[in-house]
Amino acid sequence: MALRLWASSTANALRISVASTAHHHSPSCSLSRCFSTVVEGLKYASSHEWVKHEGPVATIGITDHAQDHLGEVVFVDLPEPAGSVGQGKSFGAVESVKATSDINSPISGEIVEVNTKLSETPGLINKSPYEEGWMIKVKPSNPSELESLLGPKEYTKFCEEEESH
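Figured I'd write up the structure that's included with this text. (Residues numbered from 1 in each chain as written. Predicted model: local features only at pLDDT ≥ 70, side-chain atom pairs only at ≥ 80, totals over all residues. Heavy atoms only, no water.)

**Regarding the overall build of the protein chain**
Where we set the bar: Secondary structure elements are defined from DSSP: runs of H or I of at least 4 residues count as helices, runs of E of at least 2 residues count as strands, and each element is numbered from the N terminus. For the exposure calls, accessible area comes from a 1.4 Å probe over protein chains only, and a residue counts as buried if that area is under 20% of its type's maximum, exposed if over 50%, partly exposed in between. By the convention used here, residues are in contact when the closest approach between their heavy atoms is within 4.5 Å. The method behind every accessible area is Shrake-Rupley, applied with a 1.4 Å probe, and residues are considered shielded solely by the protein chains displayed.
Each helix and strand counted, the protein chain has 6 helices and 9 strands in total. Scored against the burial criterion, the 165 residues of the protein chain give a buried share of 36%. Pairs at least 24 residues apart make up 64% of the contacts formed inside the protein chain by residues separated by at least 6 positions. About 10000 Å² of surface is accessible on the protein chain, with carbon and sulfur atoms providing 55% of the total.

Right, here's the structure in full:
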């Protein structure tokens, strides 16, 4: 009898606890916003590529938002080093289980390095789009192009508006 009473009161307490906890933890943002990361200090293109400009070199990759929409990345087609890229021009492609998408360069410049790890492990783009999943490093030919790109707040707003349509 004591055990049944304890079990009953525990079950009631748990139901109350679960109900009140569920109410307090309901997401206050859309799923895409909750799970996509935008990093401070980077610049973003409306085509969902990012740029990290450090000294004479700019690192380029696709955003967390882009990889999230693509799904599991299974193949990456990247250019050879020593080539050049133009702002807004395609320099490669990402193939996922859902689709194949062109990758556009947010800035113009000479390719000084390509992330060769992506040919063997394309999933790095999903796992770490801003660190291990970078795609190319470029010596910018027109650094002022960076000023035409979006900052983190503008890019977040752009993604929210895109999702609402």
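Once you've had a look at it, read on.
**Looking at the side chain of Asp 64**
This is how the line gets drawn: Any N or O atom pair separated by 3.5 Å or less is treated as a polar contact, with the protein-specific requirement of one donor-capable and one acceptor-capable atom, and with residues adjacent in sequence counted only for side-chain atom pairs.
Position of Asp 64 relative to the elements: it lies in helix 3 (residues 64-70). Judged by its relative accessible area of 8%, Asp 64 falls in the buried class. Side-chain polar atoms of Asp 64 contact the backbone nitrogen of Thr 37, separated by 2.6 Å.

**Focus: the nonpolar core**
Quick note on the threshold: Only buried residues count toward a nonpolar core, which is a set of Ala, Val, Leu, Ile, Met, Phe, Trp, Tyr and Cys residues joined through side-chain atoms within 4.5 Å.
Judged by nonpolar contacts, the single largest core of 25 residues is most densely connected at Leu 78, Phe 91, Met 135 and Ile 136. Among the secondary structure elements, those contributing two or more residues to this core are strand 3 (57-62), helix 3, strand 4 (73-77), strand 6 (90-96), strand 8 (109-114), helix 5 (124-127) and strand 9 (136-140). With 3 residues, strand 3 is the largest single contributor of residues to this core. With sequence-adjacent residues up to four places away left out, Met 135 is seen in contact with Ile 60, Gly 61, Ile 62, Leu 78, Phe 91, Val 94, Ile 103, Glu 113, Val 114, Asn 115, Leu 118 and Ile 125. Of all hydrophobic cores here, the second largest spans 7 residues; its members include Tyr 44, Trp 134, Tyr 155 and Cys 159.

**Side note on the sheet that holds strand 5 (residues 84-85)**
Sheet strands line up and pair through hydrogen bonds in the backbone, either parallel or antiparallel. We apply this condition: In this analysis, strands are considered paired if DSSP registers two or more bridges between them.
The antiparallel open sheet is built from 6 strands, whose spatial order is 1-2-3-9-8-5. Every other strand in the sheet has two partners, leaving strand 1 (43-44) and strand 5 as the edge strands with one partner each. Pairing geometry for strand 8 and strand 9, over 5 bridges, is antiparallel. Residue pairing across strands places Val 114 opposite Ile 136, the latter belonging to strand 9.

**Describing the pairing of strand 3**
In terms of burial, strand 3 is a largely internal element, 5 of the 6 residues being buried. Across 6 bridges, strand 2 (residues 49-54) lies against strand 3 in antiparallel orientation. Within strand 3, the residue paired with His 53 across the bridge is Ala 58. Linking two consecutive strands that pair antiparallel, namely strand 2 and strand 3, is a turn of 2 residues; a positive phi of about 60 degrees is found at Gly 55 within it. Alignment of strand 3 against strand 9, held across 3 bridges, turns out to be antiparallel. Opposite Ala 58, over in strand 9, you have Val 138 as the bridge partner.

**Re the sheet that holds strand 7 (residues 100-104)**
Selection rule: Throughout, an axis means a line fitted to C-alpha atoms (over the contacting stretch in the case of helices), and angles, computed between N-to-C directions, take values from 0 to 180 degrees.
With respect to topology, 3 strands assemble into an open sheet ordered 4-6-7, the strand pairing being antiparallel. The outermost strands of the open sheet, each flanked by one partner alone, are strand 4 and strand 7. Averaged over all pairs of adjacent strands, the angle between their axes in this sheet comes to 25 degrees, without regard to strand direction. As paired strands, strand 4 and strand 6 are joined by 4 bridges and run antiparallel to one another. Within strand 6, the residue paired with Val 76 across the bridge is Val 94.

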